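Report on the structure
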Amino acid sequence: MGTEHSQKDRAGSTGSAGGGGATTTAPTLIGSVQRALRLVEAMYAEGGATAKRLSRLTGIPLPTVYHLLRTLSHEGYVQREGGAFRLSDDLPLAS
């Protein structure tokens, strides 16, 4: 569910490029985007879940989950049904 991405991103990407001994620097990553994508992955895997469950699944603090869900809802990516959040049926993706 994205764990491989999270672990890789935290580890950084310094090392040799092409075996020539050149060192690359870690890319600039935006943590809030990474956390929002982890929520999207979790909602996709679960088919929908409460904010508390999403917090447990992703390891993102509950207040942060609520802020991210509010933003994703405002942008049309997430719908709330009762106490659960799920991905919108019509995601506003560019075609």
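Reference entry: report on the structure contained in this document. (Residues numbered from 1 in each chain as written. Predicted model: local features only at pLDDT ≥ 70, side-chain atom pairs only at ≥ 80, totals over all residues. Heavy atoms only, no water.)

**Here's the deal with the packing of helix α3 (residues 51-58) against helix α4 (residues 62-74)**
The interhelical angle for the contact between α3 and α4, taken along N-to-C directions, is 115 degrees, at an axis separation of 9 Å. The angle between the axes of α3 and α4 places the two elements in the roughly perpendicular class. The two elements α3 and α4 cross, and the hand of that crossing is right-handed. Touching A51, K52, L54 and S55 of α3 are L62, V65, Y66 and L69, all from α4. Residues that form the contact of α3 with α4 fall into these classes: six nonpolar, one polar and one charged. (Axes fitted to C-alpha atoms, helices over the stretch in contact; angles between N-to-C directions. Helix = DSSP H or I, 4+ residues; strand = E, 2+ residues; numbered from the N terminus. Parallel < 35°, antiparallel > 145°, perpendicular 65-115°, else oblique. Left-handed = near helix turned anticlockwise from the far one by under 90°. Contact = heavy atoms within 4.5 Å. Nonpolar A, V, L, I, M, F, W, Y, C, P; charged D, E, K, R; others polar.)

**Some details on helix α2 (residues 31-46)**
Between the first and last C-alpha of α2 there are 22 Å, a value that for 16 residues agrees with the 22 Å anticipated at 1.5 Å per step. Buried within α2 we find A36, R38, L39, A42 and M43. Projected down its long axis, α2 carries its buried residues within an arc of 155 degrees, all on one side. Facing away from the buried side of α2 by over 90 degrees, the exposed positions are Y44 and A45. A positive phi of about 75 degrees marks G47, the residue just after α2. (Expected span 1.5 Å × (residues − 1). Buried < 20%, exposed > 50% of the residue type's maximum accessible area, 1.4 Å probe, protein only. Arc of directions from axis to C-beta.)

**Side note on the nonpolar core**
Inside soluble globular proteins, nonpolar side chains tend to come together where they are buried. With 15 residues, the main nonpolar core has L39, M43, L54, V65, L69, V78 and F85 as its most contacted residues. What L69 contacts, discounting residues up to four positions off in sequence, is L39, M43, A51, L54, V78 and F85. (Core = buried A, V, L, I, M, F, W, Y, C linked by side-chain atoms within 4.5 Å.)

**Remarks on the sheet that holds strand β4 (residues 78-81)**
Strand order in the open sheet made by the three strands is β3-β5-β4, with antiparallel pairing throughout. At either end of the open sheet lies a strand with only one pairing partner, and these are β3 (49-50) and β4. In terms of strand pairing, β3 meets strand β5 (residues 84-87) through two bridges, oriented antiparallel. The residue of β5 that forms the bridge with A49 is F85. Contacting β3, β4 and β5, α2 crosses the sheet at an angle of about 95 degrees to β5. (Pairing = 2+ DSSP bridges.)

The values reported here are purely geometric and, on their own, carry no functional implication.
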